[in-house]
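Below, each chain spelled out in residue letters.
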Protein chains: 2
Amino acid sequence: MDNLPSPDEWVRRIAKLQERLALADLSGCLITQNVGIYYYTGSMQAGYVFIPASGEPTYYVRRSVVRALAESRIRAVELVAFRTFGEQLQRDYPAVFAGKERSANIGADLDVMPAQLFLKLGEVIPGARFTDASSILRQMRSVKSSYEVERISRAAEAVAAALEEGLAELRPGLTELELMAIIENGLRRRGHIGLMRMRGYNQEIMTGIVSAGEAAAEPSYFDGPAGGRGLSPASPKSVSLRPIGRDEPILLDLGCCIDGYVIDQTRTAVIGKLEPALEAAYRVSEDIIKAAEGLLRPGATPEQAYFRALDMAKEVGLAEHFMGSGKDQVKFLGHGIGLEIDEWPVLAKGFRDPLEPGMTLAVEPKFTFPGLGVVGIENTYLITEDGCQALTLSPEKLYVL
Amino acid sequence: MDNLPSPDEWVRRIAKLQERLALADLSGCLITQNVGIYYYTGSMQAGYVFIPASGEPTYYVRRSVVRALAESRIRAVELVAFRTFGEQLQRDYPAVFAGKERSANIGADLDVMPAQLFLKLGEVIPGARFTDASSILRQMRSVKSSYEVERISRAAEAVAAALEEGLAELRPGLTELELMAIIENGLRRRGHIGLMRMRGYNQEIMTGIVSAGEAAAEPSYFDGPAGGRGLSPASPKSVSLRPIGRDEPILLDLGCCIDGYVIDQTRTAVIGKLEPALEAAYRVSEDIIKAAEGLLRPGATPEQAYFRALDMAKEVGLAEHFMGSGKDQVKFLGHGIGLEIDEWPVLAKGFRDPLEPGMTLAVEPKFTFPGLGVVGIENTYLITEDGCQALTLSPEKLYVL
């Protein structure tokens, strides 16, 4: 891999978390999830990372120890045995774990750690009282380094190229699944790891959504403005076996994961011509994303962009179609993106911490018309010193084929 | 979808779980994971399923309510609000939740439910004391209906066909990733949903592993006998960019998920000729799987097949190469398979409940030679009334190209 991140990258990540742990009165943080382990070590082997509020962190590796030792940017040791993990921590961090039962206030990634593991860790580490530190961990990852931004940009190149390959083969009668298979092959050959990691429980996304006409507008469990019909009730999301027809909107919400980093991009296409109401709604999504670009700058708040989008949708009478329809409307305009596709901040009500340079956000104004389809656009942006810059590369237009 | 399961299928699943809940002195069971929800409702929308030890179960749906109402085979209602979920349960199940605080002993899928959700459910359902019911839930799913077996067989057909397509294109210099992209395209066009669901925390598998020579033998976090090098430390599993060469073992451990059900199959290939020690080890893996076939019958225990395989590997002096190498050897010969790839029973020490007709198991004897590669074979079997039957369809041989 070219352009390996400098060792400083990990030093900065750890220092930033330690500063935040101290502010939250936490003596340390235990990270159990593969993505979190990778972020703080540069390795994704099975085990646990303990980061004390001050001092050197340790990667306790279950397997493969050999691989973790070769990859880790922080101290890595073998986890002696799960049942003695508490004793191992106490030996390594006597100042943290020397007190009486449950006296060490330890943050942990409780939003992803299974309850069974949470209960077992409580048994084997009697000195610790585990607190949910998932908000802190998500905040820490919201600002990306130049190394991380470059990885996201690589993923953006792959998506743009694979989309072109898919569109070149698109003709009436091709099924959603067939079109997606072409695009996914292009993504995979360019290094897509095969899925886009997502933090939310029970959420799955491999390469996004290709969905046409009324299938795209079907209600969905998926925590996004459109989910797609899916292949069956056992996979109720993204592509179906529906043939793509003429004169209907084709939603191409695509992403991939390269070197661990994810991109997210949506374009709308049509073979023939969209009916005027749908074409008009598509134009509004372009207007909204342009307005959002003006609000994506350091100092502005994430919720401002969301409120502005809501206002614009309302002004043109499309509020009921914006970001889904009926009970399945989602209450956000976009989301942070990086190692996971559902990172922070979210462009939603309540996200009032100002945007900062280095944040990366997918912005996805979409309109859902039940029985007809979904139109919209989505770019991923980097917040710069004085505004924002699109990382997604495909031309911004309605693709008329 | 043809051959829809009969409504009886869900009646039987619920009745079987209720019988087991009563035995375990549980008043009911709360299921939160998407796969578990699908198993008990036929729908995979966001929400929770409550199954009382006796009486009618309910699917509390967050979204999409419309979709869940259309698909669910059990009573489905809208989840009014998460914060009032306890009150909704109390209204629906007064006999279960009418007692004092924490008096209802409720099982739940704590092996997959995030700790944060576990803690929040404890707050909003003060009447419940949650117990880990994951062993019960995994036992319940181990015996498959004919509908389920047919779904697994469909997935087996897709894997056999996609493997042929991949082998037809295999030539020296093709990278592991390029070969996998061809195979995955074949799987996807045949209806693969894009990933194989796996219950284990932090485990990921999309379509298996294609890995050649020494790359296949690299140590791995993955809970299997071989993981593969992977594309980077951020995706340390399965394919790499390594070109496939002559005279080296090519591990083709493939699966897919169709209609929610998974298959798992491994074949070993070589362009040219394997060196004698590796070819001999491959023959031992064939001998072990034949011996396992003799032990896969109702009444035999899962651990018997594992112990027999260990003995056979030891007899020929290959114990140190069996199911991984060094510290990364795994302690099983195979695993249950169905909606997830890591189902029960496991062919491992301690699994002493006798095999039953309808169980489906992947059996995967493999030998790892660090620096050289991995050889082995894997079939998925159905336990029948008097033995077993392979569901995997590819010819059982060393593929010499």
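Calculation rules
- Residues numbered from 1 in each chain as written.
- Chains lettered and ligands numbered in written order.
- Predicted model: local features only at pLDDT ≥ 70, side-chain atom pairs only at ≥ 80, totals over all residues.
- Heavy atoms only, no water.
- Helix = DSSP H or I, 4+ residues; strand = E, 2+ residues; numbered from the N terminus.
- Contact = heavy atoms within 4.5 Å.
- Least-squares fit on C-alpha atoms with pLDDT ≥ 70 in both.
- Domains from an automatic or database assignment.
- Buried area = accessible area lost by both parts, 1.4 Å probe.
- Salt bridge = Lys/Arg side-chain N within 4 Å of Asp/Glu carboxyl O.
- Nonpolar A, V, L, I, M, F, W, Y, C, P; charged D, E, K, R; others polar.
- Polar contact = N/O pair within 3.5 Å; in protein donor to acceptor, adjacent residues only side chain to side chain.
- Buried < 20%, exposed > 50% of the residue type's maximum accessible area, 1.4 Å probe, protein only.
- Pairing = 2+ DSSP bridges.
- Axes fitted to C-alpha atoms, helices over the stretch in contact; angles between N-to-C directions.
- UniProt positions renumbered as here; feature names shortened; annotations may be inferred.

As annotated in an unreviewed UniProt entry, chain A is M24 family metallopeptidase from Cohnella boryungensis.

(A) Representation of the environment of Ile183 of chain A in the model. Residue and element names in this part refer to chain A. Within the secondary structure, Ile183 sits in helix 9 (residues 176–189). In this structure, the C-alpha to C-alpha distance between Ile183 and Ala24, residues 159 residues apart in sequence, is 45 Å. When near neighbours in sequence (up to four residues on either side) are disregarded, Ile183 contacts Ala162, Gly166, Val210 and Leu254.

(B) Molecular detail of the relation of the copies chain A and chain B. Aligned on chain B, chain A shows an RMSD of 0.0 Å; the corresponding rotation is 180 degrees and the shift along the axis is 0.0 Å. A rotation of that kind, with that shift, is consistent with a two-fold axis. The share of interface residues of chain A whose copies in chain B are also at the interface is 100%, consistent with both copies meeting through the same surface.

(C) Structural detail: the domain arrangement of chain A. All names here are of chain A. Splitting chain A by domain gives domain 1 (7–140) and domain 2 (143–400). Spacing between the C-alpha centres of domain 1 and domain 2 amounts to 34 Å. Opposite the 16 residues of domain 1 that make contact, domain 2 presents 14 residues. Both faces combined, the contact of domain 1 with domain 2 buries some 1300 Å², and carbon together with sulfur accounts for 48% of it. Linking domain 1 with domain 2 are 2 salt bridges, by the criterion used here. Between Arg199 and Asp111 there is a salt bridge, with the nearest N and O atoms lying 2.6 Å from each other. In terms of residue class, the side of domain 1 that touches domain 2 is made up of 6 nonpolar, 4 polar and 6 charged.

(D) How the structure looks around the interface of chain A and chain B. Contacts between chain A and chain B engage 69 residues on the former and 69 residues on the latter. Counting every contact that joins chain A to chain B gives 10 salt bridges. At the boundary of chain A and chain B, one finds 43 residue pairs in polar contact (both at pLDDT 80 or more). Every element with two or more residues in the side of chain A that touches chain B is listed here: helix 2 (34–41), helix 3 (65–71), helix 6 (115–124) and helix 9 of chain A. Here the element with the most residues in the side of chain A that touches chain B is helix 9 of chain A; it accounts for 8 residues.

(E) Representation of the pattern of salt bridges. In total, this model carries 60 salt bridges over all chains according to the counting rule given. Here Glu78 of chain B and Lys327 of chain A are joined by a salt bridge, their closest N and O atoms 3.3 Å apart. Residue Glu78 of chain B is located in strand 4 (residues 75–78), and its partner Lys327 of chain A is located in the loop between helix 12 (302–315) and strand 10 (334–336); the two belong to separate chains. In this structure Glu78 of chain B comes out as partly exposed when scored by relative accessible area, which is 33%.

(F) Representation of the sheet that holds strand 6 (residues 128–132) of chain A. All names here are of chain A. The 6 strands lie next to each other as 4-3-2-1-5-6, forming an open sheet whose pairing is mixed. Lying at the two open borders of the sheet, with one neighbouring strand each, are strand 4 (75–78) and strand 6. Each strand of the sheet is rotated relative to its neighbour by a mean of 30 degrees, with strand direction disregarded. In this structure, strand 1 (residues 28–31) lies alongside strand 2 (residues 46–52), joined through 4 bridges in antiparallel fashion. Residue pairing in the sheet places Gly28 in a bridge with Pro52 of strand 2. On the sheet, helix 1 (residues 7–23) packs against strand 1 and strand 2 and is oriented at approximately 60 degrees with respect to strand 2. In the packing of helix 4 (residues 85–92) onto the sheet, contacts are made with strand 1, strand 2, strand 3 (58–63) and strand 4, and the angle to strand 3 comes to roughly 150 degrees.

(G) View of the side chain of Thr58 of chain B. All names here are of chain B. With respect to the secondary-structure elements, Thr58 resides in strand 3 (residues 58–63). Thr58 sits in the buried class, given a relative accessible area of 0%. Looking at Thr58, its side chain comes within polar contact range of the side chain of Arg75, at 3.1 Å.

(H) Quick look at helix 6 of chain A. Residues Ala115, Leu117, Phe118, Leu121, Gly122 and Val124 of chain A constitute the buried set of helix 6 of chain A. Turning to helix 6 of chain A, the residues buried within the fold contact strand 1, strand 2, helix 4 and strand 6 of chain A together with helix 6 (115–124) of chain B.

(I) Summary view of the pairing of strand 12 (residues 360–363) of chain A. All names here are of chain A. Of the two faces of strand 12, the one lined by Thr360 and Ala362 and the one lined by Leu361 and Val363 are each fully buried. Where strand 10 lies against strand 12, 3 bridges are found, and the strand directions are antiparallel. Looking across to strand 12, one finds that Gly334 is bridged to Val363. As judged from the 4 bridges shared by strand 12 and strand 15 (residues 379–383), these two strands associate in the antiparallel manner. Looking across to strand 15, one finds that Ala362 is bridged to Thr380.

(J) Main features of the UniProt feature "domain: Peptidase M24" (unreviewed entry) in chain A. Annotation from UniProt places "domain: Peptidase M24" (unreviewed entry) at residues 150–385 of chain A. Between the C-alpha atoms that bound residues 150–385 of chain A there is a distance of 17 Å. The span itself is 31% helix and 21% strand.

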